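Fold and contact review
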Amino acid sequence: MLRTPLLIAARSARCRALVEHTPLTRGLVDRFVAGETLEETMPVVTGLTRDRLVTLDHLGEDVADATQAEATVAAYTRLLAELGRAGLAGRVEVSVKLSAVGQALPEDGEKIALHNARRICEAAAEVGSTVTLDMEDHTTTDSTLGVLRDLRVDFPWVGAVLQAYLRRTEADCRDLAGPGSRVRLCKGAYDEPASVAYRTRAEVDLSYVRCMRVLMAGDGYPMIASHDPRMVAIAGALAARYERSPDDYEHQMLFGIRDAEQRRIAATGRRMRVYVPFGTEWYGYFMRRLAERPANLAFFLRSLAGR
Ligand code: FDA
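Residues numbered from 1 in each chain as written. Predicted model: local features only at pLDDT ≥ 70, side-chain atom pairs only at ≥ 80, totals over all residues.

**Describing the overall build of the protein**
Note the following rule: Each helix corresponds to a stretch of at least 4 residues labelled H or I by DSSP, and each strand to a stretch of at least 2 residues labelled E; elements are numbered beginning at the N terminus. Within these notes, the globule rule equals 2.2 Å times the number of residues to the 0.38 power, and the radius of gyration is based on C-alpha atoms. Buried means a residue has 20 or more other C-beta atoms within 10 Å of its own C-beta, exposed means 12 or fewer, and partly exposed covers the counts in between; C-beta atoms are placed from the backbone. Contacts here follow a simple rule: the backbone-placed C-beta atoms of the two residues must lie within 7 Å.
Counting its regular elements, the protein contains 13 helices and eight strands. For 307 residues, the compact-globule formula gives about 19 Å, and the C-alpha radius of gyration of the protein, at 18 Å, lands near that figure. Principal-axis analysis of the C-alpha atoms places the extent of the protein at approximately 55 × 40 × 40 Å. Out of the 307 residues belonging to the protein, those deemed buried represent 43%. Here the contacts in the protein between residues at least 6 apart in sequence split such that 72% fall between residues at least 24 apart.

**Some remarks on the pairing of strand S8 (residues 272–278)**
Counted only if it meets this: For two strands to count as paired, DSSP must find a minimum of two bridges between them. Clockwise travel from the first strand over the helix to the second, with the strands pointing away from the viewer, marks a crossover as right-handed.
Of all the seven residues making up S8, seven are buried; the element is thus mostly covered by neighbouring parts of the structure. Here S8 shows no split at all, with Met272, Val274, Val276 and Phe278 on one side and Arg273, Tyr275 and Pro277 on the other all buried. Strand direction decides the pairing type here: strand S7 (residues 250–254) and S8, joined by four bridges, are parallel. Bridge assignment links Leu254 to a residue of S8, and that residue is Tyr275. Once the chain exits S7 it traverses helix H11 (residues 259–267) before rejoining the sheet at S8, and the crossover so formed is right-handed.

**Focus on the environment of Glu170**
Relative to the assigned elements, Glu170 resides in helix H8 (residues 169–175). Look at Glu170 and you get partly exposed, because 16 C-beta atoms sit within 10 Å. Sequence separation between Glu170 and Lys111 is 59 residues; the distance between their C-alpha atoms is 27 Å. Aside from chain neighbours lying at most four places away, what touches Glu170 is Ser207, Arg210, Cys211 and Val214.

**Quick notes on the nonpolar core**
What counts, and what does not: Remark: nonpolar core denotes a set of buried Ala, Val, Leu, Ile, Met, Phe, Trp, Tyr and Cys residues whose joining runs through C-beta atoms within 7 Å. Domain limits in this description derive from either an automatic procedure or a database domain assignment.
Val96, Ala117, Ile120, Leu185, Cys211, Met212 and Val276 are the most contacted members of the largest nonpolar core, which totals 86 residues. It is helix H6 (residues 109–127) that provides the largest number of residues to this core, a total of eight residues. The two domains that each donate at least three residues to this core are domain 1 (1–33 + 282–307) and domain 2 (36–279). Apart from residues lying up to four places away in sequence, Met212 is in contact with Leu185, Pro222, Ile224, Ile234, Ala235 and Leu238.

**With respect to the confidence of the model for the protein**
Do not read the predicted coordinates in detail wherever pLDDT is low. Applied cut-off: Values of pLDDT, the confidence the predictor places in each residue, fall between 0 and 100.
On average, residues of the protein score 94 in pLDDT, and 98% of them are at 70 or above. For this predicted complex, the interface score ipTM comes out at 0.98, alongside a pTM of 0.96.

**Let's talk about the domain arrangement of the protein**
Inclusion rule: Under the scheme applied here, ten amino acids are nonpolar (Ala, Val, Leu, Ile, Met, Phe, Trp, Tyr, Cys and Pro), four are charged (Asp, Glu, Lys and Arg), and all others, including Gly, are polar.
Taken domain by domain, the protein comprises domain 1 (1–33 + 282–307) and domain 2 (36–279). Each of domain 1 and domain 2 has a C-alpha centre, and the two are 23 Å apart. Taken residue by residue, the interface counts eleven residues in domain 1 and ten residues in domain 2. Mapped onto the side of domain 1 that touches domain 2, the elements with two or more residues apiece are helix H1 (3–9), helix H3 (25–32) and helix H12 (283–292). No other element matches H12, which puts four residues into the side of domain 1 that touches domain 2. Taken together, the residues of the side of domain 1 that touches domain 2 sort by class into six nonpolar, two polar and three charged.

As structure tokens, this is what we get:
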């Protein structure tokens with residue numbers, strides 16, 4: 001019931017000002033965000049890589065001008081160089097939102113995003129890391145998959161996120177289940193209309209299982225991004241059915257969510273990758289995490305009431 005208002009608030013400047021200026025928000029944000037700067041974040045990443053893989057996300061989305069997009073590219077270039085210097089590029093890749101590199105700009109947004117994403121891919125290739133494109137709301141899906149296709153001509157290892165709540169996604173999984181393809185399958189975190197998306201939990205879960213089956217049966221590399229114990233178990237069963245070895249697919253979860261389960265999966269010899277966001281632009285990401293789980297919201301409201 002609260003999911004939709006929270007996701008609308010995630011895009012409201014007024015709500016943003018309120019939430020960002022509440023001192024106690026910080027404690028809860030710290031649960032989901034590894035640090036504000038790269039310097040704060042690197043020790044967290046190094047610690048995680050002892051038993052897990054990592055994908056690093058420099059927080060930010062919907063940039064409104066080319067200067068901001070340029071700053072995002074600079075931040076990724078710097079962080080990839082740092083991963084190379086630290087000898088972590090083999091265990092740490094990066095996740096990029098195209099709206100953070102210009103996709104939403106009114107003129108030539110997609111072209112600018114492609115150019116900027118290409119520069120990030122070049123920086124990743126230089127140190128031996130990889131890039132996965134995050135997926136935002138459904139109005140951007142075609143554009144993001146178009147950019148993915150273009151990038152894969154020169155960088156065949158670029159991955160993309162697909163969202164099981166979209167009705168189109170099973171077909172997209174079929175398109176992207178070929179050799180060399182890397183697909184991160186998640187349920188989906190935005191507020192989408194019924195015309196394009198399944199709206200009940202049961203429908204989304206069924207779609208997730210159908211999509212997983214397509215990816216596991218295919219020739220690509222499935223990345224199972226879910227904290228749901230049923231999806232984790234079904235992924236294991238499908239991997240066995242389609243004779244995938246533990247290094248032929250991976251599980252992925254978000255930083256700060258089900259950490260003990262992440263360690264348990266890693267200890268069984270399976271690949272477990274943690275999505276680690278960092279930076280100061282945490283508002284949209286944080287609100288989507290609140291919307292996913294009422295208990296997070298209750299905790300947040302108690303902090304507000306007690307201030
Ligand atoms: P579900 O929501 O059913 O949760 C299962 C269980 O996980 C819950 O019962 C709870 O225990 C735990 N849990 C889930 N969310 C929690 C939270 N916020 N706080 C505390 N516990 C929580 N989405 C998108 O639209 N575009 C994208 O690019 C990405 N990228 C992405 C990368 C990775 C690596 C992951 C893991 C997820 C994403 N997502 C995403 C988010 C995704 O779409 C989805 O919203 C969340 O993963 C929650 O869905 P689950 O599959 O975990 O199941």
